[in-house]
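Observations on chain architecture
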Amino acid sequence: MSGPLIVLVGPMGVGKSTVGQLLADRLGVGYRDTDDDIVAAEGRSIADIFVDEGEPAFRAIEKRAVHTALTEHEGVLALGGGAVLAPRTRALLTGLPVVFLDVDDAEAIRRIGRDTARPLLAAADPRREWRTLMEARRPLYAEVARVVVDTSGLAPEDVVTAVVAALALDRARA
C-alpha cells in the first residue's frame with residue numbers, strides 16, 4: 001500500500017477527528033490528524049500560530065504537514081479544514097480515497113457554536129464567517145473527494161458505517 005487508506009476532508013466542526021479515530025479503530029489501522037502534527041511540531045496551538053504569524057504562515061506549515069502525512073501514513077488521515085485551499089495539496093490528493101464529510105450550515109453552526117479556539121471564526125459573527133468559508137471551500141472539498149458523506153443528523157458511528165460502505169472497505173479488507 002502507498003499512502004493513506006482514507007483521507008478525510010471537510011469543514012471545521014464536521015467531526016473529522018472523531019470519525020477518523022472511529023474509522024481507524026474499526027479498520028484496525030492507525031489514525032493521524034495533520035492539525036495534531038502541526039501543534040506537536042510547532043509546540044503551540046493553531047490559534048497561536050494564526051495570532052503570532054498570520055494565516056499565510058500557518059498555511060505554509062500546513063502544506064508541509066499534509067505532504068509529510070500523505071507520504072508517511074497508511075491508515076486514516078484527517079486534514080485540517082483549510083488544507084484543500086492549496087492547489088499543491090489538491091494535486092497530491094488526486095487518486096487517493098478522499099472522503100468529504102459534509103454538514104448542513106445549521107448543524108455545523110450548532111456544533112461549533114462560538115468556539116474561540118477556531119481562529120477563522122473569531123469574528124463578531126462566526127455564523128456568517130462559517131458560511132463564507134464554506135462558499136469558498138465546498139467546491140474544493142468536492143473536487144478532491146471520491147465520495148461525499150453528509151454527516152447532518154448522524155451519530156459518529158453512523159458516519160463511519162456510511163464511509164466504509166461508500167468506499168466498500170469491508171469487502172476490500174475481507
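A few points on the structure. (Residues numbered from 1 in each chain as written. Predicted model: local features only at pLDDT ≥ 70, side-chain atom pairs only at ≥ 80, totals over all residues. Heavy atoms only, no water.)

1. Describing the overall build of the protein chain
The number of helices and strands found in the protein chain is 9 helices and 5 strands. A total of 174 residues make up the protein chain; the buried ones form 48% of that total. Contacts in the protein chain between residues far apart in sequence, at least 24 positions, make up 72% of those at least 6 positions apart. Of the roughly 8,200 Å² of accessible surface on the protein chain, 51% is carried by carbon and sulfur atoms. (Helix = DSSP H or I, 4+ residues; strand = E, 2+ residues; numbered from the N terminus. Buried < 20%, exposed > 50% of the residue type's maximum accessible area, 1.4 Å probe, protein only. Contact = heavy atoms within 4.5 Å. Areas by Shrake-Rupley, 256 points an atom, 1.4 Å probe, with all protein chains shown as cover.)

2. What about the pairing of strand β1 (residues 6-9)?
Side chains I6 and L8 project from β1 onto one buried face, and the interleaved V7 and V9 project onto a second face that is buried too. In this sheet, strand β4 (residues 98-102) lies alongside β1 in parallel orientation, the contact comprising 3 bridges. Bridge pairing in β4 places V9 opposite F100. (Pairing = 2+ DSSP bridges.)

3. So, the pattern of salt bridges
Applying the stated rule across the entire model yields 9 salt bridges. E72 is the partner of R32 in a salt bridge, and the nearest nitrogen-oxygen pair spans 3.2 Å. Here the residue R32 occupies a position in strand β2 (residues 31-33), and E72 occupies one in helix α4 (residues 55-72), the gap between them amounting to 40 residues. For R32, a relative accessible area of 18% corresponds to the buried category. (Salt bridge = Lys/Arg side-chain N within 4 Å of Asp/Glu carboxyl O.)

4. Side note on the sheet that holds strand β3 (residues 76-78)
One open sheet accounts for 5 strands, arranged β2-β3-β1-β4-β5; its pairing is parallel. Because the sheet does not close on itself, it has two edges, and the strands there are β2 and β5 (147-150). Going from strand to strand, the sheet's axes swing by 25 degrees on average, the running direction of each strand aside. Bridge count for β2 against β3 is 3 bridges, and the pairing is parallel. Counted as the bridge partner of R32 is L77 from β3. Across the face of the sheet, helix α1 (residues 16-27) comes into contact with β1, β2, β3 and β4 while running at roughly 165 degrees to β1. (Axes fitted to C-alpha atoms, helices over the stretch in contact; angles between N-to-C directions.)

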